[in-house]
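# Examination of the molecular architecture
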Amino acid sequence: SANVSPGNDLIDFNIPGTMVHVINVLTQLPPLTDFAGVTIDGLTQVGSTSGIQPPATATLMIELNGFAAGPSHGLIVVSPNNIIQGLIINRFEQDGIRIEGTLSGTYDNLVHCNFLGTDFSGTVDMGNGSTQASPWAGVNILIGPCGEPLTCYNNVVDGNLSSGNYAEGVSISNCPPGDVFNNSVINNYLGTDITGMLDLGNDHDGVYIGEGARDNYVGNNVISGNDYEGVCIMGYVDEFLQIYTHDN
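To keep things clear, this report deals only with the structure shown in the data block. (Residues numbered from 1 in each chain as written. Predicted model: local features only at pLDDT ≥ 70, side-chain atom pairs only at ≥ 80, totals over all residues. Heavy atoms only, no water.)

### Remarks on the packing of aromatic side chains
We apply this condition: When two rings of Phe, Tyr or Trp (its six-membered ring) have centres within 6.5 Å they constitute a pair, described as stacked for plane angles under 30 degrees, edge-to-face for angles over 60, and tilted for the intermediate range. Helix and strand labels come from DSSP, where a helix needs a run of H or I of at least four residues and a strand needs a run of E of at least two; each type is numbered from the N terminus.
Under the criterion given, the structure shown has 2 aromatic pairs. Ring centres of Tyr-107 and Tyr-153 lie 5.1 Å apart, and the angle between their planes is 15°; on these two criteria the pair is classed as stacked. Highlighted residues: Tyr-107 in strand E9 (residues 106-107) and Tyr-153 in strand E13 (residues 151-153), separated in sequence by 46 residues. Aromatic pair Tyr-153 and Phe-181: ring centres 4.9 Å apart, planes at 5°, arrangement stacked. Note that Tyr-153 is positioned in strand E13 and Phe-181 in strand E17 (residues 179-181), a separation of 28 residues in sequence. Put simply, the rings of Tyr-107, Tyr-153 and Phe-181 pair up and form one aromatic cluster.

Structure below.
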């Protein structure tokens, strides 16, 4: 409905009861396609709050559980100006949140104060990417498919807990002639529990930047407990193709 409604839309929550509300997703949810953007705001649910310094101070009450959804991502973003906040997104076979480049550009999206790959308490591993068929992520900012001049830029991942996922907490990757640039990963806990003190690591990296992604910023995060690198920056070189990952 938000995709076909003119102008910016708000999806808010007002589910009766004081418990955490689990929405068992049964199939892939539609991608966000409206250029005016939509705000999906789990913080509108009674009992939810970001607190003063999310994710450590957050209490979240809306959970998207992908255990029964089959080969699906939690949410797919292919348009600008969207805000996704205040959600628990776990147990999807693929990415928790996927921000995918388009010909017209996927930009100015905000992923804020979500728990990606944990339970509601932020202490139990319920990671996304359960198929392990690809290096999925809690948040995946990328170009796909390759071979087209797609762009994905100016997206912000701020104040989230992204832990327990296969493979990355946050992944930013390009595929020339596409261009992935100027994305920011700030104020997150990547690979820990909600306290920042206990290991709840992602199976690969806390943050991955690769395949020519450029001018991206990673700052003021707690990154620990991951099975590979905390932050991995990777180029790509083979006999025919050299891709430089630069200015991050």
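### Some thoughts on the state of the cysteines
The following threshold applies: Our working definition of a disulfide is a cysteine sulfur pair at a distance within 2.5 Å.
As enumerated under the stated definition, the model contains 1 disulfide in all. Here Cys-146 pairs with Cys-175 through a disulfide, and the sulfurs are 2.1 Å apart. On the sign convention where negative is left-handed, the bridge of Cys-146 and Cys-175, at about 120° about the S-S bond, is right-handed. Of this pair, Cys-146 sits in the loop between strand E12 (137-142) and E13 while Cys-175 sits in the loop between strand E16 (168-173) and E17, placing them 29 residues apart in sequence. Distance from the sulfur of Cys-152, which forms no disulfide, to the nearest cysteine sulfur (Cys-175) is 13 Å.

### Some points on the nonpolar core
In summary, soluble globular proteins display a tendency toward joint burial of nonpolar side chains. Under the convention used in this document: By nonpolar core we mean a set of buried residues, namely Ala, Val, Leu, Ile, Met, Phe, Trp, Tyr and Cys, connected to one another through side-chain atoms within 4.5 Å. Exposure classes here rest on a 1.4 Å probe applied to the protein chains alone. A residue is buried below 20% of its type maximum, exposed above 50%, and partly exposed in between. Between two residues, a contact is recorded if the distance between any of their heavy atoms is within 4.5 Å.
Ranked by internal contacts, the top residues of the largest apolar core, which has 34 residues, are Leu-87, Ile-89, Ile-99, Val-139, Ile-141 and Ile-172. Beyond its immediate sequence surroundings of up to four residues, Ile-172 is in contact with Ile-141, Val-180, Asn-183, Val-185, Tyr-208, Ile-209, Gly-210, Ala-213 and Asn-216.

### Quick word on the side chain of His-112
Quick reminder of the rule: Polar contacts, as counted here, are pairs of nitrogen or oxygen atoms within 3.5 Å of one another; within protein the pair requires one atom able to donate a hydrogen and one able to accept it, and residues that are adjacent in sequence qualify only if both atoms are side-chain atoms.
Its location among the elements puts His-112 in strand E10 (residues 110-112). Look at His-112 and you get buried, because its relative accessible area is 16%. A distance of 3.1 Å separates the side chain of His-112 from the side chain of Gln-85, its partner in a polar contact. In this view, His-112 contacts Pro-54, Ile-84, Gln-85, Gly-86, Asp-158 and Asn-160; residues no more than four positions away in its chain are not counted.

### What about the pattern of salt bridges?
Applied cut-off: By convention in these notes, a salt bridge is any Lys or Arg side-chain nitrogen within 4 Å of a carboxyl oxygen on Asp or Glu.
Enumeration according to the criterion identifies 4 salt bridges in this entry. One salt bridge in this structure joins Asp-95 and Arg-98, with 2.7 Å as the shortest N-O distance. Comparing Asp-95 with Arg-98, the two get one shared label, buried. When the shortest N-O distance is used, the salt bridge between Asp-179 and Arg-214 registers 2.8 Å. With a gap of 35 residues between them, Asp-179 in strand E17 and Arg-214 in the loop between strand E20 (207-210) and strand E21 (217-219) connect regions that are remote in the sequence. Residue Arg-214 is classed as partly exposed on the basis of its relative accessible area, which comes to 22%. Each of Asp-95, Arg-98 and Glu-100 takes part in one network of salt bridges that share partners.

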